[in-house]
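# Breakdown of the fold
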Amino acid sequence: MNRKLRTIEICYAGIFVALMAIGANITSIVPFMVIGGVPITLQTFFALLSGAMLGSRLGTISMIAYAFIGLVGAPVFAQFGSGIRTVLSPTFGFILSYILIAYVIGKMIEKNQSFVSYILAAIIGLVLNYIIGTNWMYAAYKLWAQAPDAFSYLLVWLWMVIPLPKDIILSILAGFIAHRIRRVTPAIALKQ
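Described in the following lines is the structure provided in the data block. (Residues numbered from 1 in each chain as written. Predicted model: local features only at pLDDT ≥ 70, side-chain atom pairs only at ≥ 80, totals over all residues. Heavy atoms only, no water.)

## Some points on helix α7 (residues 164-184)
- End to end, α7 covers 30 Å across 21 residues, agreeing with the expected 30 Å (1.5 Å per residue, within 8%).
- Considered for burial, the residues of α7 that qualify are D167, L170, S171, A174, G175, A178, H179 and R182.
- On the buried face of α7, the contacting elements are α3 (43-71), α4 (92-111) and α5 (115-143). (Helix = DSSP H or I, 4+ residues; strand = E, 2+ residues; numbered from the N terminus. Expected span 1.5 Å × (residues − 1). Buried < 20%, exposed > 50% of the residue type's maximum accessible area, 1.4 Å probe, protein only. Contact = heavy atoms within 4.5 Å.)

Written out as structure tokens, the structure reads:
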């Protein structure tokens, strides 16, 4: 299906691009969300929400737009990062994962819009986020970034333990919020 985006869809996608930029830089407003020099962001939450609320097509478009805007130089990535050099960052895999998780979550929810489906889709999206992001981080440190001493695949996964509880809670919350909003506001349930 090759249909044009409606004005309302462009607005919804733009809202999620803005939410991603805010979620990436929340530590500028709330500095205690930096643990061990690593910013704890809300990007995953908003990426999950984009797929759950906007569907596979528009959720994916919004995440592609977010990545593109950051890569061309707008400071929308964590710690106001931007530019093509971000591709070499050990955390760029997480940015790539947002595109896939928005698509997967959207597809899952388009097939079944029960409350359980929203929660399950959000959890699956989180798992994909961690798999893609963490493996990219490992590859980056092994191939082009300077790895810390005693670096290993296990160590990279151990680093992910810190944000995991927050991400699990926010994933469930994203599923809950999306289900509630789409139930109460049918206008959000866009044509796919």
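That shown, we press on.
## Regarding the packing of aromatic side chains
- Taken as a whole and judged by the stated rule, the model has 11 aromatic pairs.
- By way of ring pairs, the aromatic residues Y138, Y141, F151, Y153, W157 and W159 are connected into one cluster. (Phe/Tyr/Trp six-rings, centres within 6.5 Å; stacked < 30°, edge-to-face > 60°.)

## Concerning the environment of I181
- One can find I181 in helix α7.
- The spatial distance from the C-alpha of I181 to the C-alpha of M53 is 7.9 Å, given a sequence separation of 128 residues.

## Section: the environment of L154
- Mapped onto the elements, L154 comes out in helix α6 (residues 153-159).
- You can call L154 exposed: its relative accessible area is 59%.
- Through-space distance from the C-alpha of L154 to that of A65 is 33 Å; in sequence the pair is 89 residues apart.

Limitation: the analysis is restricted to geometry and does not speak to function.
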